[in-house]
There are 2 protein chains.
Amino acid sequence: MASSGGVDLDEVYSFALDLAKHAGKLLDDAWRARCDGGLQSDHVEKESAVDLVTQTDEDVEAFIKQQIASKFPSHKFIGEETYSKGGSKEYLIGHEPTWCIDPLDGTVNYIHIFPMFCVSIGFILDGEPVIGVINAPFLNQTFSACRGKGAWLNGTQRLPLIRNPIPPMPENAPKGCVFSCEWGKDRRDQPDGNLHRKVESFLNMAAEVGGREGKGGMVHGVRSLGSATLDLAYCAMGAFDIWWEGGCWEWDVAAGICLLKEAGGLVTTANPPADPSTARIEDAKLGGRLYLAIRPAGDTEHETARQGQERTVREVWRRVRHLDYPRPGV
Amino acid sequence: MASSGGVDLDEVYSFALDLAKHAGKLLDDAWRARCDGGLQSDHVEKESAVDLVTQTDEDVEAFIKQQIASKFPSHKFIGEETYSKGGSKEYLIGHEPTWCIDPLDGTVNYIHIFPMFCVSIGFILDGEPVIGVINAPFLNQTFSACRGKGAWLNGTQRLPLIRNPIPPMPENAPKGCVFSCEWGKDRRDQPDGNLHRKVESFLNMAAEVGGREGKGGMVHGVRSLGSATLDLAYCAMGAFDIWWEGGCWEWDVAAGICLLKEAGGLVTTANPPADPSTARIEDAKLGGRLYLAIRPAGDTEHETARQGQERTVREVWRRVRHLDYPRPGV
C-alpha cells in the first residue's frame, strides 16, 4: 500500500480511474445524443463569446463531486464550474488532500463535436498533483498517472510512446520540434496585448532559422487543439515537444502536469525571466496561469535529458514574449 | 449497379474501403513498431527541414499502387511519393478514371506519433473526386464517401454528425465558427511572403469584433492539426466550420473534397477575388492549391444552406490575404 500522509494513493488512483471512466461515458453519451438533435444549444456564454459553459459541464461536475464526497468525504473539491459560479478565482489549493477537476476541457470543441475534448481529474497532496486521469471519449484515449507508477495511455502503453530509447531533445531545438500553442480567449486587439504578444511569439517559433532577427525557430510544426489538458497529455506522450501557454487555470492542468512529470517531462513558467540563458529553471507553480512544458527526453553522450530539456526551455524563452494573465484577487 | 462511364462505382467504392483498411493497418503497425524502438529515424528531408518523407510513406504507397494495378490495370495512378520523385509537379489529372493517393498525410505528426495522420484515397472521374476514403488508424476513424451515397464516419454515422436538423451557419459568421488553418511549410521571413500573409489572416479571424480595422472575426476557436486531409474530414463532420489553406496538392485534398461535398459542404478558392462581396462562388479547382472549405449547413427561414455558406465565404474573403502558391511548371 502506497500511503502518503494518511492517504492510500493506490486506493485513490483506482477510484480516480473508475471515476474518469464513468465521467467519460457521460461525455460520450452527451455528444452522441446531440448528434440526434438533442441539446444543440445547451451552452451559454460566461465572460465572452468564446468562454462557454454547457449543461454537460455542470452535469459531469455534479456527478464527479457527488462521487468524491461519497467516497472521500474529508477531501477538498475544486471544480471549474463550481469555482466559476463562486465569482472569486482565488487560489484555494493548500496542503490537504484536494481534487482538482475539469469536467469538460475543450468546451468549444465539445460544442462543435471536434473530438479533442476530455474530462480531467487531478488529485493533489501538499500542493502537488500526484494523480492525474484524463479521458477523451471520442478519441478512445485515457491517459493516467500516479506518483511513482509512470504515465500510461489506456493503461497499457507506457508514456512517452517512443522509449527504447527515448529520443533526446533535438540538437537545434526548437528546430525539429512540434510546437503546441493556443490562441485562447483574450482576443482584444491591443497593440501590446496578449493576442499580439502570442502571435509574435508563434511567428518567432515558426519562421526560418535566421529570420525574425535571429529569433526564427523553424519548428517542425505548429499545432493548436483547443484543449490545454490534451496539449499536456500529448507532451507526455512525446508527440508535442513544446507546449507554451498562458491563461490556464489549475483545473485545466492539474492532471496533465502529474501525467507529464511521471512521463519524465518538465514544466516551468511561460514567461521568460530577466536572464533566460542562466536563470534557474523552477517547476511551474500550480495556479500561476503560465506554463511551458517540454516532453520527456533521453540522454545523449554529451547531455542529460534534463540538460536537453533546460536548453530547450531557454531557446523558447529567447523567442517568446511575456504574457499578462494575472490571478483575480491577487 | 452505379455505372459511370464504364466504371462500376459500387465496385470501386467497396475496393477503396478495403484498400484504406489495409493501408491503415500498415500505418498502425508502423507507428506501433516505432514505439518499440524500431525505425526511429526513418525520415529524410525533401525540400526543407519541414518537408519530410518516411520509409512508411513509400511502403504504403507501393502497396496501394500494386493493389490498384492488379485490380484495375487500366486506371491511372497518382501518388504523392511517386509524384515527388518524378521532379515535375505538373497537373496530370484528366478525364480518365484516376486514383489520387496520399499514403500518409500528416507526415510530421506521424514522425512524432501525434495521432492526426492518415491515409487518403481518392478516385476521380472526369476530373471530379467521386470516391474518398480516409483512414486515421491511431484515432480509429475512417471517413468515406461515394457520389450520391453520402459521407460517413466508420461506416455507421452519417456526416455531418449533427443533422436533426443540421445547424445553419452562424448569423454573425465567422463569429461562432471554429476556424481551421495551417502554418505550412513556407516559413520564409519575407515581409509580404506567405507566412506573414497567413498570420495576418489568422489574426483578423481571431481578433475581437471591431478590432483589426473592422476585420476582427472573433471566431470560436483557431485550430491547426497539421493534416489538410483531416481538416477537410472535420469540416465534413461539422466540427470545423471553416478551413482556409494554400499550398496543398491534389493528393492532400482529393478524398477530402469528395467527403465534404457528399456531406453537403462547399469548397472554393482561398484567395479573395477582386469583388469578394459579389463574385460568383465557384468550386475549387482540384490542383489549384488554394482552398476555402465551409461545413455542411442547414436552411433557416430566411436563408438557404448554400446562401449561408456563401455569406460565410465572403466574410472570410474579406479578412484574408492572397496567398502565393504557384503550380510548378504552370
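- The name given to chain A in an unreviewed UniProt entry is Inositol-1-monophosphatase, and the organism recorded there is Oleoguttula mirabilis.
- Annotation of chain A in UniProt includes, under Pathway (unreviewed entry), the sentence "Polyol metabolism; myo-inositol biosynthesis; myo-inositol from D-glucose 6-phosphate: step 2/2."
- Comment text from UniProt for chain A, heading Cofactor (unreviewed entry), reads "Mg(2+)".

**Side note on the pattern of salt bridges**
All names here are of chain A.
1) Next: For the coordinates displayed, the defined rule picks out 38 salt bridges over all chains.
2) Next: For Asp 192, the salt bridge is made with Arg 321, and the minimal N-O distance between the two is 2.7 Å. In this pair, Asp 192 is assigned in the loop between β12 (178-181) and α5 (194-206) and Arg 321 in the segment after α8 (305-317), connecting sequence segments 129 residues apart.
3) Next: Accessibility expressed as a relative area gives 43% for Asp 192, which makes it partly exposed.
4) Next: According to the relative accessible area criterion, Arg 321 is partly exposed, its value standing at 26%.
5) Next: A salt bridge links Glu 310 to Arg 306, with the nearest nitrogen and oxygen atoms 2.8 Å apart. Residue Glu 310 and its partner Arg 306 are located together in helix α8, separated by 4 residues, close to a single helical turn.
6) Next: Taken together, the shared-partner salt bridges connect Asp 192, Arg 197, Glu 200 and Arg 321 into one network.

**A short note on the UniProt feature "binding site: Mg(2+)" (unreviewed entry) in chain A**
Residue and element names in this part refer to chain A.
1) Next: Summarizing the sequence annotation, UniProt attributes the feature "binding site: Mg(2+)" (unreviewed entry) to Glu 80, Asp 102, Leu 104, Asp 105 and Asp 252 in the numbering used throughout. These annotated residues cover 173 residues of sequence, and their C-alpha atoms lie no more than 9.4 Å from one another, placing them together at a single site.
2) Next: By the element assignment, Glu 80 lies in helix α3 (residues 80-86).
3) Next: Tracing the sequence through the fold places Asp 105 in strand β6 (residues 98-105).
4) Next: For Asp 105, a relative accessible area of 5% puts it in the buried group.
5) Next: Discounting chain neighbours no more than four positions away, the residues touching Asp 105 are Met 116, Phe 117, Cys 118, Ser 227, Ala 228, Thr 229 and Asp 252.
6) Next: Reaching out from Asp 105, the side chain makes a polar contact with the side chain of Ser 227 at a distance of 2.6 Å.

**Considerations on the packing of aromatic side chains**
1) Next: Tallied over the full model, the rule gives 32 aromatic pairs over all chains.
2) Next: Relative to Tyr 291 of chain B, the ring of Trp 243 of chain B has its centre 6.5 Å away and its plane inclined at 10 degrees; by these criteria the two rings are stacked. Here the residue Trp 243 of chain B occupies a position in strand β14 (residues 242-246), and Tyr 291 of chain B occupies one in strand β16 (residues 290-294), the gap between them amounting to 48 residues. Considered together, Trp 243 of chain B and Tyr 291 of chain B belong to a single accessibility category, that of buried residues.
3) Next: Ring-pair connections join several aromatic residues into one group, and the members of that group are Phe 179, Trp 183, Phe 202 and Trp 244 of chain A together with Phe 179, Trp 183, Phe 202 and Trp 244 of chain B.
4) Next: Looking at Arg 34 of chain A, its charged tip hangs above the ring of Tyr 110 of chain A, at a distance of 5.0 Å from the centre.
5) Next: The ring of Trp 249 of chain B carries Arg 289 of chain B above its face, with NZ or CZ at 3.7 Å from the centroid.

**As for the side chain of Asp 252 of chain A**
All names here are of chain A.
1) Next: Positionally, Asp 252 belongs in helix α7 (residues 250-263).
2) Next: It is Lys 185 that comes nearest to the buried, bridge-free Asp 252 among opposite-charge side chains, at 6.4 Å.
3) Next: Apart from the residues within four sequence positions on either side, Asp 252 is in contact with Asp 102, Asp 105, Ala 228 and Thr 229.

**Quick look at the pairing of strand β8 (residues 128-136) of chain A**
Residue and element names in this part refer to chain A.
1) Next: With respect to burial, β8 is a largely interior element, 8 of its 9 residues being buried.
2) Next: Between strand β7 (residues 118-125) and β8, which pair antiparallel in sequence order, lie 2 residues; one of them, Asp 126, sits at a positive phi of approximately 50 degrees.
3) Next: In sequence, β8 turns back onto strand β9 (residues 141-146) through a hairpin of 4 residues, with Asn 140 there showing a positive phi of about 55 degrees.

**Concerning the sheet that holds strand β6 (residues 98-105) of chain B**
Residues and elements named next belong to chain B.
1) Next: An order of β5-β6-β7-β8-β9-β10-β11 is seen for the 7 strands of this open sheet, with the pairing classed as mixed. Edge positions in the open sheet fall to β5 (76-79) and β11 (157-159), since each of these has one partner strand only. For this sheet the average axis-to-axis angle between neighbouring strands, irrespective of direction, equals 20 degrees.
2) Next: Here 3 bridges tie strand β10 (residues 151-153) to β11, and the two strands are oriented antiparallel to one another. Counterpart to Ala 151 in the pairing with β11 is Leu 159.

What counts, and where the lines are drawn
- Residues numbered from 1 in each chain as written.
- Chains lettered and ligands numbered in written order.
- Predicted model: local features only at pLDDT ≥ 70, side-chain atom pairs only at ≥ 80, totals over all residues.
- Heavy atoms only, no water.
- UniProt positions renumbered as here; feature names shortened; annotations may be inferred.
- Salt bridge = Lys/Arg side-chain N within 4 Å of Asp/Glu carboxyl O.
- Helix = DSSP H or I, 4+ residues; strand = E, 2+ residues; numbered from the N terminus.
- Buried < 20%, exposed > 50% of the residue type's maximum accessible area, 1.4 Å probe, protein only.
- Contact = heavy atoms within 4.5 Å.
- Polar contact = N/O pair within 3.5 Å; in protein donor to acceptor, adjacent residues only side chain to side chain.
- Phe/Tyr/Trp six-rings, centres within 6.5 Å; stacked < 30°, edge-to-face > 60°.
- Lys NZ or Arg CZ within 6 Å of the ring centre and 35° of its normal.
- Lys, Arg positive; Asp, Glu negative; His and termini not counted.
- Pairing = 2+ DSSP bridges.
- Axes fitted to C-alpha atoms, helices over the stretch in contact; angles between N-to-C directions.

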